[in-house]
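Structure assessment
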Amino acid sequence: MRIDCPNCGERDRREFYYQGDAVVLNRPSEDAGAQAWDDYLHNRANPAGETRDLWFHEGGCRAWLVVERNTMTHAVHAATLAEKVKR
Amino acid sequence: MRLATPEKTVTFTFDGQRIKGVPGEPVSAALLAAGIKLVARSFKYHRPRGIMSAGSEEQNALVTVGRGTAQEPNVRATTLEVSEGLEVFSQNAWPSLKHDVMAVNDLVSPFLAAGFYYKTFMWPRSFWEKLYEPIIRRAAGLGALSGESNQDTYEKAFAFCDVLVIGAGPAGLMAALTAGRAGADVVLADEDTAMGGRLLREREDVDGKPAADWVVEALAELEAMPNVRLMTRTTVTGAYDQGTYGALGRIAGGRAAGKPLECFWRIVAKRAVLCAGALERPIAFPNNDRPGVMLASGVRAYVNRWGVAPGKAVAVFGNNDDAHRTARDLAAAGVKVAAVIDSRDDAKVEGDFPLYTGAEVIATKGRHALESITIKTGNGTRVIRCDCLAVSGGWNPTVHLTCHMNGRPTWDVGIASFVPTPESIPGMVTAGACNGAFSTAACLNEGAEVAAGVVADLGLAAEIKTPSADDAAYAIQPLWAVEGKGRKWIDFQNDVHVKDVRLAAQENFRSVEHMKRYTTQGMAPDQGKSSNVVALAVLADATGRGIPETGTTTFRPPYVPVSIAVMGAGSQGKGFAPERFTTSHSASVDRGAPMIEAGLWYRPSYFPKEGESHWRQSCDREVGYVREAVGICDVSTLGKIDIQGPDAAALLDFVYTNGFSTLKVGRVRYGLMLREDGHVMDDGTTARLGETHFVMTTTTAAAGLVMRHLEYVLQAIRPDLDAQVISVTEQWAQFAVAGPKSRELLNTVLDQPITDEDWPFMACGAVSVGGVAGRLFRISFSGEHAYEVAVPSRYGESLFRQLVAQAEVMGGGPYGMEALNVLRIEKGFITHAEIHGRTTAFDIGMERMVSAKKDCIGKAAAARPGLLGESRQQLVGLKSKGVDHALSAGAHLFDKGASHSRVNSKGYVTSVCYSPTIGTHLGLGFLENGRARHGEVIVLRDHLRNITEEVEVCDPVFFDQDGGRARG
Amino acid sequence: MASLIALTPCAGLLPLTIGAITVTEVVPQALTSVAPFKGHKKAVSEALKAKVGAGLPALNRRSGAVTWFGHGVWMVAGAVSVEGAAVTDQSDAWAVVEIKGAGVEDVLARLVPVDLRASVFKKGHVAKTMLAHLSVTVVRTGADSFEITTMRSMSKTLLHDLEVAMRGVAARG
Ligand SMILES: [Zn+2]
């Protein structure tokens, strides 16, 4: 698997650390309530198809990336710097 | 038998017998030249087997190479190059290949049919492990390992290209020529020792000259192109995501030349052209596994390429025109053709040999090698004497790689086989025989055309120029299995025959996947490369369905077996994991300190002194240094992170539970860091060096984790914060100077002496050490008056040696990890033994450190009801009854009188030590509602080490509870 | 008073020559990381240009004394201070070696998962990547030479990995 790092270009999967669903970008406020925090921390969809995950180019430039890919076809559509993603 | 006398030979041995081979040829060719037919015993029934093919698809001729540390089992004799002194052994036979006692399996074979193990060895269960399995394992199997460590070297490597061409037969060569001429960056990989594929094995012309000559010219042109890389002996084994291909390269010369044996390549290609050719398939007829029964294409390869006749009288049996080539080539080479048997009624072939049309082979005879065959024609049966039978059941396109990403090939009625389904692998196209185009002319054309399309995709223009070649049509009439008495083998490598597949159907394992698992067809090292299509056809027939309705076949990587050694290349010995060494490493080793791993770091366990025979003696002495005089410890492995920026303090407020914006410049504060789920991530001290400049300390274990976490927070969670984090762990060599005499010692190395007034507890700042700019922190992980002094790493070893020398003058010395651990347990300081990922701030008694004034990572979750309260297991101290009552980490805690079972467990022990300061064994642990139970006596039970001890629950701070020693 | 002796990260380990390839230690006088704060990148670049003769190069590039060193950070060869950036002394944090000789790409192809061939990775190109298990910065310094930077504590492992790959390539002759 290869990911096109916006900084470094296309790189082998071995350079990346996988975090999980990119929903973590939308952190609830401190007082958002138990349900919101439960969803944020624990509840994840497990889609067969399009996913949006957070990866870290740990073996490269150390940028956090939002990677859009398809778990069925293994296609990687896009990788965007997490700090540039609108939320 | 050799058709001509070779110019040069090498000598190798097969089961001790000296055999001459010609450099470049495979062991199988030399064995056939020497008239050796019996080469192996089969997997399950120990049937005598010979050589079937001339390629990597070989099912029978598996041998063991070398011995001892160099022993390698299950090597295909057809891909093993001969070399001087090579030692080759047959396998799976005892006492010898000719007299194999396990061949008795063959006599009881009616009982060993497919599904036999499942049905027979079911009861009683304990018999399976103790009796059945060991017996089966001994009886069935392939080659064995020597049990000795492999001393050979292997490599991994990466390659990149625009176009990867897989296979260098006519299609592959044309594809590489076309792409190369267009200026594309090309890798051409082929598993053979020489490129050319079938053009090296067939008697035909290309561009008006012998095919082999055309190959030489094509290769010369390719070699002259700087943008083309030729990789022979390299099998592309798998197709993976985003244009990554795995390839196994065998290195010519290998061990004898002091070279690595194999190299596993990851080839990243923008596009790939699969030109993998086709594999001839056998026909299942009675006793078709007798040594001497070969694939027709294999026979041609030995005759045409290696100049070896596999027999003196060769019969040919086929269902397609291609089989007739074999007869013609044999005749042309002067080998006697005993008969041509064609299953088709209308087959036409001319030559000086008997032709039987509408005929089939129904029996073979010969003890260890073929002596005769029996054929059935319209006029009855007939026995033909021959010592070799060349069989062609037609060709299966080598679609394997197209299946590696879940692709399913498509049935093609015209060739009675599967062809690749387009776009099965993104970026890969197929050309030539693997695509079902079997004539040489069609292969050359497709190779050129497909490559031209690929380079056009890449923005290059290619010219299609194809040489003339043979364009004979491929005519075939499917023939899968011939009826008759005796077993008709389909999967030779796993000993699966027609009846097994029919039995599977009869027992209702009608899907291909079920049939495979029931019979084990396709599960041998060759993964059904040659047997899948025949098995599928037999299953279709048995279930009364057509082949497309019955299913399809699919293949997983790797295309050929890949050794674990090459997959793990680079990770042998020191390559297994990086080693991190502190600047004081050699100074510690010089003092005889055993070095222990702390993550990737190596740290001294203790510093033994003469007369000490047990580590505890050293450890107790070192604890005494710190409690009574002064000790020195390298703490450089702790993570150090430089944090700067207008929002540096705000970042710390957000990642720590407690506040840091209120910290004064020149001061240090202890901080607690949570994960977002409310559990403790790490702890450590952070110093404020300037208004917008901090340096954070992490534990050794979590240094990488915390660095990644800070970058995560800054980039993903709080990109609004203007701050930068940089690891400076490696920049500074940092040493703890701990004990009542620590200030006194420091003043011997600092350029300006320090006083307690200027440097109170938790102060920090710049110091000068021998003219070098350093940093000093008055912090303590031992509970004593202590400092950590840091200098740039280049001076680390030098400062360590000087600190230790001074400490020794003062009655102290260096201390290692064991003493460090005792010192912190005595003070109830936690490490990752306690903050192991499941403990909360509440559990360790630090819930008041979660500031109410601000948000922080983990704050919301830490307030969840389940993470607070009496039901939680809370940090406690545990005191043993005395010096003879050692405690045990990992033990569980029980109420007195309760049985020591899981349901009664009230907690567990995380850290233990013997405390020379207090004179007894101490422990830290977690106990349900523990903070309310100080003073109670409970029971510690370690089932693993069989330890039961009564312990007193107490405050985790055992020593100097008011902290006066550290502050004073 | 202490009298401190300095040791380089690869002290006693280099040079190393196997076949046509030689590894030597590079000892920069000083290394300073520069990570501009928000909105200061241009000013920092200009300040650096005035001080060391080169501004902040593009991603994956080295320009004079300044090398891109990862997301939002550059490494300056030399001691330098500029406003508007996190400036950190890194002089002792890194082991820097040069690997040079015919076939050097073949050695690195055994360790680094990035295309370093001259047609793609030219002089002054920078890759933040891995060398076996190590995080490294690879810079092409010439037709047959690269500079490799890794963490100081892992210099032995870097040299071990390079040596194994060099032996494999040299054995092929
Ligand atoms: Zn990157």
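Right, let's walk through the structure included here. These numbers were taken from a predicted model, which means no experiment stands behind them. (Residues numbered from 1 in each chain as written. Chains lettered and ligands numbered in written order. Predicted model: local features only at pLDDT ≥ 70, side-chain atom pairs only at ≥ 80, totals over all residues. Heavy atoms only, no water.)

Notes on the overall build of chain C
Check the secondary structure of chain C and you find 3 helices and 11 strands. Put simply, chain C runs from its N terminus to its C terminus through helices and strands in the order β-β-β-α-β-β-β-β-β-α-β-β-β-α. Taking all 173 residues of chain C together, 57% fall into the buried category. Here the contacts in chain C between residues at least 6 apart in sequence split such that 62% fall between residues at least 24 apart. Of the roughly 6800 Å² of accessible surface on chain C, a fraction of 56% belongs to carbon and sulfur atoms. The positive charge centre, built from 18 side chains, and the negative charge centre, built from 13, are 6 Å apart in chain C. (Helix = DSSP H or I, 4+ residues; strand = E, 2+ residues; numbered from the N terminus. Buried < 20%, exposed > 50% of the residue type's maximum accessible area, 1.4 Å probe, protein only. Contact = heavy atoms within 4.5 Å. Areas by Shrake-Rupley, 256 points an atom, 1.4 Å probe, with all protein chains shown as cover. Lys, Arg positive; Asp, Glu negative; His and termini not counted. Charge placed at Lys NZ, Arg CZ, Asp CG, Glu CD.)

Considering the interface of chain C and chain B
Listed per partner, the contact involves 48 residues of chain C and 55 residues of chain B. Of the roughly 4000 Å² buried at the junction of chain C and chain B (both faces included), carbon and sulfur atoms supply 54%. Taken together, chain C and chain B are joined by 4 salt bridges. Across the chain C-chain B interface, the total number found is 28 residue pairs in polar contact (both at pLDDT 80 or more). Looking at the side of chain C that touches chain B, the elements that each hand over two or more residues are strand E3 (31–36), strand E7 (85–89) and helix H3 (155–171) of chain C. A per-element tally of the side of chain C that touches chain B places H3(C) first, with 8 residues. (Buried area = accessible area lost by both parts, 1.4 Å probe. Salt bridge = Lys/Arg side-chain N within 4 Å of Asp/Glu carboxyl O. Polar contact = N/O pair within 3.5 Å; in protein donor to acceptor, adjacent residues only side chain to side chain.)

Observations regarding the coordination of the zinc ion
Residue and element names in this part refer to chain A. Cys-5 (SG), Cys-8 (SG), His-57 (ND1) and Cys-61 (SG) make up the full set of protein donors to the zinc ion, lying at 2.0 to 2.4 Å. Seen from the zinc ion, its 4 donor atoms lie at angles of 103 to 116 degrees, and the figure they make is tetrahedral. Of note, the zinc ion draws all its donor residues from one chain, in the sequence arrangement C-x2-C-x48-H-x3-C. Here His-57 matches Cys-61 in class, with each residue buried. (Donors = N, O, S within 2.8 Å, 3.2 Å for Na, K, Ca; no water. Tetrahedral: all angles 85-135°; square planar, octahedral: opposite > 155°, others 65-115°.)

Side note on the interface of chain A and chain C
If you look at the interface, chain A gives 15 residues, while chain C gives 12 residues. Where chain A abuts chain C, roughly 990 Å² becomes buried across the two surfaces, and 52% of that area is made up of carbon and sulfur atoms. At the boundary of chain A with chain C, the tally comes to 0 salt bridges. The interface formed by chain A and chain C includes 6 residue pairs in polar contact (both at pLDDT 80 or more). Residue composition of the side of chain A that touches chain C, grouped by class: 5 nonpolar, 3 polar and 7 charged. (Nonpolar A, V, L, I, M, F, W, Y, C, P; charged D, E, K, R; others polar.)

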